[in-house]
Amino acid sequence: MDGTLVDTEPYWMAAETPLVESYGGSWTHEQALQLVGNGLEDSARILQAAGVRMGVTEIIDHLTDSVRRQLVVDGVPFRPGARELLRELRDSGIRTALVTMSMRRMAEDIVSLIDFPAFDLIVAGDDVERPKPYPDPYLQAARELGIDASEAVALEDSATGLRSAVAAGTVAVGVPHIVPLDGIGAHELWPTLDGRGVADIVTAFADHRAVRAPEIGADA
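Here goes a summary of the coordinates provided. (Residues numbered from 1 in each chain as written. Predicted model: local features only at pLDDT ≥ 70, side-chain atom pairs only at ≥ 80, totals over all residues. Heavy atoms only, no water.)

### Here's the deal with the sheet that holds strand 3 (residues 153–156)
Turning to step 1, where the next piece is worked out: The strand order 3-4-5 describes an open sheet built from three strands, whose pairing is parallel. Two strands in the sheet have a free side with no partner beyond their single neighbour: strand 3 and strand 5 (188–189).
Turning to step 2, where the next piece is worked out: The pairing of strand 3 with strand 4 (residues 171–174) spans four bridges and is parallel. Across the sheet, Val153 pairs through a bridge with Val171, a residue of strand 4.
Turning to step 3, where the next piece is worked out: Running at roughly 125° to strand 4, helix 9 (residues 198–208) makes contact with strand 3, strand 4 and strand 5 of the sheet. (Pairing = 2+ DSSP bridges. Helix = DSSP H or I, 4+ residues; strand = E, 2+ residues; numbered from the N terminus. Contact = heavy atoms within 4.5 Å. Axes fitted to C-alpha atoms, helices over the stretch in contact; angles between N-to-C directions.)

### Concerning the packing of helix 3 (residues 40–49) against helix 4 (residues 56–74)
Turning to step 1, where the next piece is worked out: Viewed as axis vectors pointing N to C, helix 3 and helix 4 meet at an angle of 105°, and their least axial separation amounts to 9 Å. As the angle between them shows, helix 3 and helix 4 are arranged roughly perpendicular. Where helix 3 abuts helix 4, its residues Leu40, Glu41, Ala44, Arg45, Leu47 and Gln48 lie against Val56, Ile59, Ile60, Leu63 and Thr64.
Turning to step 2, where the next piece is worked out: Of the residues in the contact of helix 3 with helix 4, the class split is seven nonpolar, two polar and two charged. (Parallel < 35°, antiparallel > 145°, perpendicular 65-115°, else oblique. Nonpolar A, V, L, I, M, F, W, Y, C, P; charged D, E, K, R; others polar.)

### Description of the side chain of Ser66
Turning to step 1, where the next piece is worked out: On the secondary structure map, Ser66 appears in helix 4.
Turning to step 2, where the next piece is worked out: A distance of 3.3 Å separates the side chain of Ser66 from the side chain of Arg69, its partner in a polar contact. (Polar contact = N/O pair within 3.5 Å; in protein donor to acceptor, adjacent residues only side chain to side chain.)

### Side note on the pairing of strand 3
Turning to step 1, where the next piece is worked out: Burial along strand 3 is one-sided: the face carrying Ala154 and Glu156 is buried and the face carrying Val153 and Leu155 is not.
Turning to step 2, where the next piece is worked out: Handedness of the crossover joining strand 3 and strand 4 through helix 8 (residues 159–168) is recorded here as right-handed. (Buried < 20%, exposed > 50% of the residue type's maximum accessible area, 1.4 Å probe, protein only. Right-handed = clockwise from strand over helix to strand, strands pointing away.)

### Observations concerning the packing of helix 1 (residues 9–22) against helix 4
Turning to step 1, where the next piece is worked out: Running from N to C, helix 1 and helix 4 cross one another at 130°; their axes reach a closest spacing of 9 Å. Taken together, helix 1 and helix 4 sit at an angle that is classed as oblique. In this structure, the crossing between helix 1 and helix 4 has a hand that is right-handed. Here Tyr11, Trp12, Ala14, Ala15, Glu16 and Leu19 of helix 1 lie close against helix 4, whose contacting residues are Ile59, His62, Leu63, Thr64, Ser66, Val67, Gln70, Leu71 and Asp74.
Turning to step 2, where the next piece is worked out: For the contact of helix 1 with helix 4, the class distribution of residues is nine nonpolar, four polar and two charged. (Left-handed = near helix turned anticlockwise from the far one by under 90°.)

### Looking at the environment of Leu63
Turning to step 1, where the next piece is worked out: As for its position among the elements, Leu63 is in helix 4.
Turning to step 2, where the next piece is worked out: Its relative accessible area of 3% is what places Leu63 among the buried residues.
Turning to step 3, where the next piece is worked out: Leu63 sits 23 residues away from Leu40 along the chain, and the two C-alpha atoms are 9.2 Å apart.
Turning to step 4, where the next piece is worked out: Look past the residues within four positions of Leu63 in its chain and what remains in contact with it is Trp12, Ala15, Glu16, Leu19 and Leu47.

### Examining the packing of aromatic side chains
Turning to step 1, where the next piece is worked out: Within the structure shown, the criterion is met by zero aromatic pairs.
Turning to step 2, where the next piece is worked out: The cationic tip of Arg83 hangs over the ring face of Phe78; the distance from NZ or CZ to the ring centre is 4.3 Å.
Turning to step 3, where the next piece is worked out: Here the basic side chain of Arg87 rests over the ring of Phe116, its NZ or CZ set 4.1 Å away from the ring centre. (Phe/Tyr/Trp six-rings, centres within 6.5 Å; stacked < 30°, edge-to-face > 60°. Lys NZ or Arg CZ within 6 Å of the ring centre and 35° of its normal.)

### Looking at the pairing of strand 4
Turning to step 1, where the next piece is worked out: Residues Val171 and Val173 line one face of strand 4 and the alternating positions Ala172 and Gly174 line the opposite face, and both faces are buried.
Turning to step 2, where the next piece is worked out: Both strand 4 and strand 5 contribute to a ladder of two bridges, which runs parallel. Paired with Val173 across the strands is Glu188, a residue of strand 5.

Below, the structure is given as structure tokens:
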């Protein structure tokens, strides 16, 4: 979601910096990049290591609420081509799942602002025991869609998310935004979703569906 569907990564970074500084620490852009695509519990522990004296759940709630408030003020910045691709997938009868490590309440906020039923289901960070880069989120989404993960195409903007998608056995397409995705294992890299449609998804699947995930399984 964050970085692929909507450009909210700067919102998260804007919430992290004052939190760390309120405990006398400093938070650089390079440190913030470590959190891109991470599960929120992992991100919270990194913030604790930077000096934030709050519990993991407290940090997650604080960041989530901060970003939700900013979305109310500034609106939802959808990434170029994302809504258009989702609309075409919906019109073509291709089922879709939103697989995000943001909290479900955040994901539902974003999805509610799309002017059509864009997703058949949501798998959020608080729906899984093991977050990305483990394959679990994508495997759960595939189960709920009633398919094998090898029958799915995943679109990801982060290295952590891409590793999760590859480990689950999907056809993984990287759409880099804030961080580069070279050498992570994407079957294809698209510079943007702008101008991409169902035909591109179908072609990517046809070209790469025989490529199996590396043998890393639950240890991904």
